[in-house]
Amino acid sequence: MRSILSAGVVCLAVDPKIEAFVRAQSENPFPGPTRGTAVLNEVGQLYRTILSDGPIEASELADFLLSLGLIDRVGFDQGTLQVIDSLTGQPLATRWSGVFQSGEFPHPIPDVPRLT
């Protein structure tokens, strides 16, 4: 698991806990496909991109971020199994594994940045 901070963007107050969690994750000797998770600050700006090595790491990360009280915007409609915005209920087309934010105001979902 690794993390990329967006330069010049204000972090959430809980960011030291997020950074410590990411840093504590050991290298995965059997990495799966990379999954990107976005963390938005209180005004909806993407400030941290976390790259997980496979679905297990992504799930552990999601559980941790939820435990901090953040909301995952990427949800699923149980009836149609379509990806939806968990705050608005509208269909959601995104390549993010998760988009976490504080508060219930539906900020725009950021595009996945080009990671090289």
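Computed from a predicted model, the values in this text were never measured in an experiment.

1. A closer look at the pattern of salt bridges
Alright, step 1. Following the criterion strictly, the structure yields four salt bridges and no others.
Alright, step 2. In this structure, the salt-bridge partner of D53 is R2, at a minimum N-O distance of 3.1 Å. Here R2 lies in strand β1 (residues 2-5) and D53 lies in strand β3 (residues 46-53), a separation of 51 residues in the sequence.
Alright, step 3. With relative accessibility at 10%, the residue D53 sits in the buried group.
Alright, step 4. Between D15 and R48 there is a salt bridge, with the nearest N and O atoms lying 2.8 Å from each other. You can see D15 sitting in helix α1 (residues 15-24) and its partner R48 sitting in strand β3, a full 33 residues away along the chain.

2. What to know about the environment of E57
Alright, step 1. Among the structural elements, E57 can be located in helix α2 (residues 55-67).
Alright, step 2. In the structure, E57 is positioned 41 residues away from P16 in sequence and 19 Å away in space, judged by C-alpha atoms.

3. As for α1
Within an α-helix, residues lying three or four positions from one another point in the same direction, as the helix has 3.6 residues per turn.
Alright, step 1. Looking at α1, one finds that the buried residues are D15, I18, F21 and V22. Viewed along the axis of α1, the buried residues span an arc of 120°, placing them on a single side of the element. In α1, the exposed positions that point more than 90 degrees away from the buried face belong to P16, K17, R23 and A24.
Alright, step 2. Buried-residue contacts for α1 involve β1, β2 (34-40), β3 and α2.

4. A few points about the environment of R23
Alright, step 1. Along the chain, R23 falls in helix α1.
Alright, step 2. Placed 20 residues apart in sequence, R23 and S3 show a C-alpha to C-alpha distance of 8.6 Å.

About the thresholds
Residues numbered from 1 in each chain as written. Predicted model: local features only at pLDDT ≥ 70, side-chain atom pairs only at ≥ 80, totals over all residues. Heavy atoms only, no water. Salt bridge = Lys/Arg side-chain N within 4 Å of Asp/Glu carboxyl O. Helix = DSSP H or I, 4+ residues; strand = E, 2+ residues; numbered from the N terminus. Buried < 20%, exposed > 50% of the residue type's maximum accessible area, 1.4 Å probe, protein only. Arc of directions from axis to C-beta. Contact = heavy atoms within 4.5 Å.

So, to be careful, I would describe these as geometric facts and stop short of saying anything about function.
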